[in-house]
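# Examining the three-dimensional arrangement
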Amino acid sequence: MGEKDMDIVLVRKSGPVQSMKFKPWWIYFLFLVLMLMLAGLGAGSYLLYHQQQALKAIAEDTRLLMLRAERLEALVQEQETRALLAQQAEQERAHAQAVAAAKKGRAAEEKKPAAEAGAKPAAAESKPKPEAKPETRQAAAHDLPPEPTSSDLVGVKLVRVRRQGSELKVIFDVTNRREPATPAVGYVTVVLRAQRAGRPWIEAWPPMRLTPLGRPINYRRGTPFSVQRYRRLKANFAIGDKVFERLEFLVYSREGELLLVSRRDLTPQGEPKPAGDNG
């Protein structure tokens, strides 16, 4: 069957009537051009979407690098402070030794006739100072000032605790409770409370110095995070001879504000008690 041409007639109000023939392959050509344009639009949209996701990932990595840089700066400052304190302690020790030597020299020059004076009666023994009761010390160690147990900015969810060899593994998620366009940025520290040899035991992950109440002296020693939706983090603690009591997740803002304290009770063996998260 032969191809049939399409006749298009142009009629005007005034003037001659014009006609033109429209080949069928023109329709196929226009359809092909339209399909190519749609395919190009789809490919461009796909590339733009992936480019946007890559830019978001780069921005998140940049925030994490800034937090890690601040953490390293805090570590350097702490090391410099320790070196300065050690130098001061060495100078004080040398000064004390010099003073003690001078006192010994004066004592040797001023010999007292102890034999002629005779031995003086021994002074009355001072009464021993009453020690603080264990209950008082324990209450002082566990009485914490009011702390935020909930937050509209961040949360701690899906806490999983398991024993693996000689370590206690803690896996948890830090979540952003705002819109993903506004990421949550800060530091998180996990504090373990336990009993060891009948005495309270407190340690943190990452390892750091804590106050007597179990709070970081330098919050920037914690694990930095930048969260759009959630981020999974891990903490490890040596088991040893500890009798576990509870975990505390301390979430700080980048400026050092304590945003959240989420607690998780543990059995003596380290397994979580049947209670929901409060973060």
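The rules behind these values
- All chains use their own residue numbering, which begins from 1 and follows the written sequence.
- Only residues with pLDDT of at least 70 are given local features in this predicted model, and only at 80 or more are side-chain atom pairs given and counted; all residues enter the totals for whole chains, interfaces and linings.
- Remark: hydrogens and water are excluded; side-chain values derive from all non-hydrogen atoms of the structure.
- Each helix is a run of DSSP H or I of at least 4 residues and each strand a run of E of at least 2, with the numbering of both proceeding from the N terminus.
- The contact criterion used is simple: two residues touch if any of their non-hydrogen atoms lie within 4.5 Å.
- In short, Shrake-Rupley with a 1.4 Å probe defines the accessible areas, and a residue's cover is counted only from the protein chains shown.
- Both site types are read off a 1 Å grid over the protein atoms alone. A 1.4 Å probe that fits but cannot get out defines a cavity, while an open set with protein on both sides within 12 Å along at least five of seven lines defines a pocket; lining residues have an atom within 4 Å of a point.
- Grid points are joined across faces, edges and corners, and a volume is the space filled by probe spheres set on the points.
- Think of it as three bins: nonpolar holds Ala, Val, Leu, Ile, Met, Phe, Trp, Tyr, Cys and Pro, charged holds Asp, Glu, Lys and Arg, and polar takes everything else, Gly as well.
- Only when DSSP finds a minimum of two bridges between them are two strands counted as paired.
- A fitted line through C-alpha atoms represents every axis, and for helices the fit uses only the stretch in contact; the resulting angles, taken between N-to-C directions, go from 0 to 180 degrees.
- To define a nonpolar core, start from buried Ala, Val, Leu, Ile, Met, Phe, Trp, Tyr and Cys residues and group those joined through side-chain atoms within 4.5 Å.
- Relative accessibility decides the category of a residue: with a 1.4 Å probe and only protein chains considered, values under 20% of the type maximum give buried, values over 50% give exposed, and everything between is partly exposed.
- Surface patches are drawn from residues lacking salt bridges whose relative accessible area is over 30%; two like charges belong together within 9 Å, two nonpolar side chains (Val, Leu, Ile, Met, Phe, Trp, Tyr) within 5 Å.
- Any Lys or Arg side-chain nitrogen located within 4 Å of an Asp or Glu carboxyl oxygen qualifies as a salt bridge.
- Here the aromatic set is Phe, Tyr and Trp, taking the six-membered ring for Trp, and pairing holds for ring centres within 6.5 Å; pairs whose planes are under 30 degrees apart are stacked, those over 60 apart are edge-to-face, and all others are tilted.
- Per-residue confidence from the predictor is reported as pLDDT, which spans 0 to 100.

This part is about the overall build of the protein chain. Regarding its fold elements, the protein chain presents 3 helices and 10 strands. Taken from the N to the C terminus, the helices and strands of the protein chain come in the order β-β-α-α-α-β-β-β-β-β-β-β-β. Contacts spanning at least 24 positions in sequence make up 63% of the contacts within the protein chain whose residues lie at least 6 apart. Only carbon and sulfur atoms are counted for the fraction: they give 59% of the accessible area of the protein chain, which is about 19,800 Å².

As a further point, take empty space enclosed by the protein. Applying the stated criterion across every chain yields a total of 1 cavity of 30 Å³ or more. Counted as a void, the largest cavity has a volume near 30 Å³. Every element with two or more residues in the lining of the largest cavity is listed here: strand E5 (184–196) and strand E8 (230–238). Residue composition of the lining of the largest cavity, by class: 6 nonpolar, 1 polar and 1 charged.

Sheet architecture is open: 3 strands sit in the order E3-E4-E8, paired in antiparallel fashion. The strands lining the two open edges of the sheet, one partner per strand, are strand E3 (154–164) and E8. The mean inter-strand angle of the sheet, taken between neighbouring strand axes irrespective of direction, is 20°. Pairing analysis gives 9 bridges linking strand E4 (residues 167–176) to E8, with the strands arranged antiparallel. In the sheet register, Lys169 faces E8, and the bridge partner there is Asn236.

It is worth spelling out unusual backbone geometry at this point. The residue after Trp205, namely Pro206, is reached through a cis peptide bond having omega -5°. Note on placement: Pro206 falls in the loop between strand E6 (199–205) and strand E7 (223–227). Of note in this structure, Ala197 is not a glycine but carries a positive phi near 55°. Along the polypeptide, Ala197 turns up in the loop between E5 and E6.

Among the nonpolar cores identified, the biggest contains 26 residues, and Val170, Phe172, Phe225, Phe237, Leu247 and Phe249 are the most heavily contacted of them. Counting only elements with at least two residues in this core, the list comes to E3, E4, E5, E7, E8, strand E9 (243–253) and strand E10 (258–265). Of all the elements, E5 adds the most residues to this core, at 5 residues. Setting aside residues up to four positions removed in sequence, Phe237 forms contacts with Ser166, Glu167, Leu168, Val170, Val190, Leu192, Glu203, Ala204, Trp205 and Leu247. In this structure, Tyr187, Ala204, Leu210 and Leu250 belong to the second largest nonpolar core, which totals 10 residues.

Nonpolar side chains collect at one region of the surface, where Trp25, Ile27, Tyr28, Phe29, Leu30, Val33 and Met37 lie side by side and expose about 780 Å² of accessible area between them. You can see Trp25 is positioned in helix H1 (residues 24–109).

With that settled, the discussion passes to the pairing of E10. The sheet contact formed by E9 and E10 spans 7 bridges and is antiparallel. Bridge pairing links Tyr252 to Leu258 in E10. Where E9 folds back on E10, the antiparallel hairpin that results is connected by 4 residues, among which Gly256 adopts a positive phi of roughly 100°.

Bringing the environment of Gly270 into the picture now. Tracing the backbone shows Gly270 in the segment after E10. When its relative accessible area of 1% is taken as the criterion, Gly270 is described as buried. The spacing of Gly270 and Arg162 is 108 residues in sequence and 7.2 Å in space, taken between C-alpha atoms. The residues touching Gly270, leaving out its near neighbours within four places in the chain, are Val161, Leu168 and Phe244.

All told, the structure shown has 10 salt bridges when counted by the stated rule. For the salt bridge of Arg246 with Glu248, the shortest nitrogen-to-oxygen distance reads 2.9 Å. The pair Arg246 / Glu248 is uniform in exposure class, with both members buried. In the salt-bridge network here, residues are joined through shared partners; they are Glu147, Arg193, Arg215, Arg246, Glu248 and Arg263.

Let us now look at the packing of aromatic side chains. Counted by the stated rule, this structure contains 3 aromatic pairs. Ring centres of Phe172 and Phe249 lie 4.9 Å apart, and the angle between their planes is 55°; this geometry places the pair in the tilted category. Taken together, the positions of Phe172 in strand E4 and Phe249 in strand E9 put the pair 77 residues apart, joining distant regions of the chain. Relative accessible area serves as the criterion here: at 0%, Phe249 is assigned to the buried category.

Once that is clear, we can look at the confidence of the model for the protein chain. Per-residue confidence for the protein chain averages 77 on the pLDDT scale, and 71% of its residues sit at or above 70. Ignoring residues within four places in sequence, the model shows residues 121–141, a span with pLDDT below 50, making 5 contacts including any to other chains.

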